[in-house]
Amino acid sequence: MESTRRGVLAGLLAAGLVPGAAGGAVAGGAVGPRPPASLLGHEIRRLPTSRKVLALTFNAAWDDSGVDTVLAELRRRRLKATFFPTGRFARDRPRAVRAMGAEHGLGNHSYSHPYFDGLSTGQREREVRRADTAIRAAAGTEPLPFFRFPYSSTTAESVADVNRLGYAAIEFTTDTNGYLGPGGGMTVERVVERAVDAFAPGAIIQMHVGSTGDGVVLDAQALPRVLDAVRARGYGVVDLRAFLVPDEQRGAGRLG
């Protein structure tokens, strides 16, 4: 029975017709642009483009020490990023989430940051929906239909579950590991190196706006050097929102 369900879902995903997402419905019940079929049915670790562009993404699950620094640097360079707050972060730090959403897209990083591979379908749905509600309340803006798994603990079944709720599973090409901080053996230089080594058309760079508790946000400190390297190597920064398409254009979400 389970194999049949997966087979049906796979067929719907291939056609760009995801149960629960038809007509633009997502976890929060909103209507708007949807992920194209090319972003469904599997986890996304590189965007479907051959252009020399990459996406900057920031997770927000702990403290918000680096938020102002990150936002100021992106604003100074007139660049867009996507922020993935957890619902609990949005509940506890609404000012930070509101500031992110005022200038950038907001994804969904679950409510309480659990390992999704150990949850049931119902538990996964509750995590996604609770996060959606909290992010909407904090930001006062429409979240994007992009979900990032805590700990990147993806499975075929969990990806299908979030797709069914209307979300593309946006993971990453590399995590800079800046969140580990100096106590975890990281430095600004190592953060920059990890980011630059991953540069490729469609690369997705994952950084964090907080730290593991020592108050040192290496990703915020490293961001200017990472962005200098982006420009020096002839890359551009693409907004993930460019990969969303209206329902009538479903399946046309490539940037070439």
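Description of the structure in this document. (Residues numbered from 1 in each chain as written. Predicted model: local features only at pLDDT ≥ 70, side-chain atom pairs only at ≥ 80, totals over all residues. Heavy atoms only, no water.)

So, the packing of aromatic side chains
Under the defined criterion, the tally for this structure stands at 8 aromatic pairs. Between Phe116 and Phe149 the ring centres are 5.5 Å apart and the planes differ by 90°, which places this aromatic pair in the edge-to-face class. Taken together, the residues Phe116 in the loop between β3 (105-106) and α5 (121-139) and Phe149 in the loop between β4 (146-147) and α6 (156-164) connect sequence positions 33 residues apart. Comparing Phe116 with Phe149, the two get one shared label, buried. Considering the side-chain rings of Phe199 and Tyr235, the 5.7 Å spacing of their centres and the 55° angle between planes classify their relative orientation as tilted. Of this pair, Phe199 sits in the loop between α7 (188-197) and β7 (203-208) while Tyr235 sits in the loop between α8 (218-232) and β8 (236-237), and the two are 36 residues apart along the sequence. (Phe/Tyr/Trp six-rings, centres within 6.5 Å; stacked < 30°, edge-to-face > 60°. Helix = DSSP H or I, 4+ residues; strand = E, 2+ residues; numbered from the N terminus. Buried < 20%, exposed > 50% of the residue type's maximum accessible area, 1.4 Å probe, protein only.)

Some points on helix α2 (residues 67-77)
Within α2, the full set of buried residues consists of Val67, Val70, Leu71, Glu73 and Leu74. One side of α2 holds all its buried residues, which, seen down the axis, span an arc of 165°. Arg78, located one to two residues past α2, shows a positive phi value of around 55°. (Arc of directions from axis to C-beta.)

What to know about the side chain of Asp219
Its location among the elements puts Asp219 in helix α8. Despite its burial, Asp219 pairs with no opposite charge; the closest candidate is Arg194, at 8.3 Å N-O. Side chain to side chain, Asp219 and Thr176 meet in a polar contact 2.6 Å long. Of the polar contacts made by the side chain of Asp219, one reaches the backbone nitrogen of His208; its length is 2.8 Å. (Lys, Arg positive; Asp, Glu negative; His and termini not counted. Salt bridge = Lys/Arg side-chain N within 4 Å of Asp/Glu carboxyl O. Polar contact = N/O pair within 3.5 Å; in protein donor to acceptor, adjacent residues only side chain to side chain.)

Overview of the packing of helix α4 (residues 94-103) against α5
In a packed pair of helices, the relevant descriptors are the angle between the two axes and the axis-to-axis distance. Relative orientation of the contacting elements α4 and α5 amounts to 80°, with a least axis distance of 8 Å. Comparing the axis directions of α4 and α5 gives the class roughly perpendicular. Listed contacts from α5 to Pro94, Val97 and Arg98 of α4 are Ile135, Ala138 and Ala139. Grouping the amino acids of the contact of α4 with α5 by side-chain chemistry returns 5 nonpolar, no polar and 1 charged. (Axes fitted to C-alpha atoms, helices over the stretch in contact; angles between N-to-C directions. Parallel < 35°, antiparallel > 145°, perpendicular 65-115°, else oblique. Contact = heavy atoms within 4.5 Å. Nonpolar A, V, L, I, M, F, W, Y, C, P; charged D, E, K, R; others polar.)

Notes on the side chain of Thr176
Among the secondary structure elements, Thr176 is positioned in the loop between β6 (174-175) and α7. Thr176 sits in the buried class, given a relative accessible area of 0%. Contact partners of Thr176, with chain neighbours within four places excluded, come to Met186, Val191, Arg194, Ala195, Ile205, Gln206, Met207 and Asp219.

Remember, this is a structural readout, not a statement about activity or role.
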